[in-house]
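# Notes for the structure review
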Amino acid sequence: MLNGKNILLAITGGIAAYKTPELARALKKAGADVTCVLSQNGAQFVSELALQSVSGNRVYGDLFSLTDEHEMGHISLARNADLIIVAPATANTLAKIAHGEATNMVTTLLLATTKPILLAPAMNWAMWENPATVENVKTLSVRGASMVGPVAGELACGEEGMGRMADIEDILEAAEMALELSGPLKGVLATVTSGPTHEPIDPVRYIANRSSGKQGHAIAGALAELGAEVTLISGPTNIAPPENITLVNVITANEMMAAVNNSGCADIFVGAAAVSDWRMADTKKQKIKKQSPGTVPELKLTENPDILKTVATIGISGGLSNSARPQLVIGFAAETENLIENARRKLAAKGCDWILANDVSNETDTFGGDDNQVHLVTRSGVEEWPRMNKRQLAKKLAEKIADTLLDNSRLANAHLTSTKDVS
Ligand code: PMT
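Since the model is a prediction, treat every value here as computed from it, not as a measurement.

### Observations concerning the overall build of the chain
On a plain count of helices and strands, the chain comes out with 14 helices and 21 strands. Seen through its principal axes, the chain has C-alpha atoms that stretch 90 × 60 × 40 Å. Buried residues in the chain amount to 47% of all 423 residues. Counted over contacts in the chain with a minimum sequence separation of 6, partners at least 24 positions apart contribute 66%. Per element, the accessible surface of the chain, about 21,400 Å² overall, is 51% carbon and sulfur. Each charge class in the chain was averaged separately, 38 positive and 47 negative side chains, and the resulting centres sit 8 Å apart.

Right, here's the structure in full:
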């Protein structure tokens, strides 16, 4: 969850600040890119040099530093982060952010951010229990900030009580949870198909293709990383499934169709599987024997269900009265010639919203390889995406999906408001 994430670690003025180089190191070890912001009071307890050495990034602190603002302004710092952790969050800082103050670099970027915030309070127990702090914590929680700690124990002032900053492992766990709960696709249901299908000819032979599942699996993972609840329906592959998804393994196109319907309603459907268009009209129960030299068996094929078209035109649970079309139905077009023209045709024929057209000619290594190059074909035009790793492509697609759903809901809200105005 923390791997590849940009974490902004804001350190304010409490004794627990001395633990923050260790926290920065643990976040980095988990794969995060850590940038520290150190308040003037925080700098009394931990050195800028220690934080810079451990994080490997410049430490920011002075709101009015021309160099800091030139290199990375406070607004950019707030925008670039996937998560902001305030550790330790002092009673003073909690009060300031609860009241929207922007008196130093830390409080200013917290006011400017739209990203998830995790607070790790640390203070004397009496300050923690003071009704003012209790009220501030409540205000911040209601606004969506996550909290970790404080915990009970011996405090810096020599007293015992609730006020120690949470342990590093607990802050890490809370950071993962804050990221998981906060993605732009939180609450969104997605069904993704991936990999090839195998259509049996007889008990030992089958019709298949060279899809590895890399692209479809990466898309399922990228959607889950943005908070979607993902069902990944996969044909036979040799790759590990991504984390935080529900995996349904299938073999044939018919099984894939049934699994899609069983997955229930979805807001997003992505058909990345290379579904076999045909299967045997009559799968042989016994292994087909080799005949006399020069004689080859004739294989009669029949058409498989078109999963993408069914989902786009009838919906999931196709044919049943409760079938529902996902808001966004996305397919691929695997072509070896006339890429855009064929993709446009597929968009219309299948009734989906977007088609990712990829050239699968042998020299491109798209089937089975690590990279892909697609054109996003929609009813309003064609967008050429650069060649990139399949994981990067999946991330770009997931972000585009999130933006589109957000725009759709903004539009729906605007429509509701204008209808209200009229009535
Ligand atoms: O798995 P990888 O090795 O990572 O490779 C990725 C990929 C090349 C398989 C992937 O990027 C891709 O292009 N997937 C779709 C392959 C395909 O079957 O394309 P198509 O042009 O034949 O089908 C068009 C669309 O209809 C696809 O979304 C496909 O999932 C869907 N389809 C096709 C036939 C069918 N019976 N049912 C379907 O749902």
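### Details of the side chain of Thr366
Among the secondary structure elements, Thr366 is positioned in the loop between strand 17 (354-359) and strand 18 (371-372). Once you skip the residues sitting within four places of it in the chain, Thr366 turns out to touch Asn358, Asp359, Val360, Asp371, Asn372 and Lys390.

### Here we look at the domain arrangement of the chain
What the domain assignment reports for the chain is domain 1 (6-181) and domain 2 (189-418). Measuring from the centre of the C-alpha atoms in domain 1 to the corresponding centre in domain 2 gives 43 Å.

### Some remarks on the site of the ligand
Around the ligand lies a shell of 29 residues, among which Ser211, Gly271, Ala273, Lys346 and Gly368 are the nearest. Interatomic distance of 3.3 Å between a backbone N/O atom of Lys214 and an oxygen atom of the ligand. Contact between the ligand and Gly271: an oxygen atom at 2.6 Å from a main-chain N or O atom of the residue. Out of a free accessible area of 770 Å², the ligand has 95% covered by protein chains.

### A word on the sheet that holds strand 19 (residues 374-378)
Strand pairs in the sheet, formed through backbone hydrogen bonds, run parallel or antiparallel to each other. Here we have 8 strands laid out as an open sheet, ordered 12-11-8-13-16-17-19-20, and mixed in their pairing. Two strands lie at the open edges of the sheet, namely strand 12 (245-249) and strand 20 (381-384), each paired on one side alone. Each adjacent strand pair in this sheet contributes to an overall mean axis angle of 15°, direction not counted. Seen against the sheet, helix 10 (residues 214-225) touches strand 8 (189-194), strand 11 (229-234), strand 12, strand 13 (268-271) and strand 16 (328-335) and runs at an angle of roughly 165° to strand 8. Sitting on the sheet, helix 11 (residues 253-262) is in contact with strand 8, strand 11, strand 12 and strand 13, with an inclination near 165° to strand 11.

Rules and cut-offs
Residues numbered from 1 in each chain as written. Predicted model: local features only at pLDDT ≥ 70, side-chain atom pairs only at ≥ 80, totals over all residues. Heavy atoms only, no water. Helix = DSSP H or I, 4+ residues; strand = E, 2+ residues; numbered from the N terminus. Buried < 20%, exposed > 50% of the residue type's maximum accessible area, 1.4 Å probe, protein only. Contact = heavy atoms within 4.5 Å. Areas by Shrake-Rupley, 256 points an atom, 1.4 Å probe, with all protein chains shown as cover. Lys, Arg positive; Asp, Glu negative; His and termini not counted. Charge placed at Lys NZ, Arg CZ, Asp CG, Glu CD. Domains from an automatic or database assignment. Near = heavy atom within 4 Å. Polar contact = N/O pair within 3.5 Å; in protein donor to acceptor, adjacent residues only side chain to side chain. Pairing = 2+ DSSP bridges. Axes fitted to C-alpha atoms, helices over the stretch in contact; angles between N-to-C directions.

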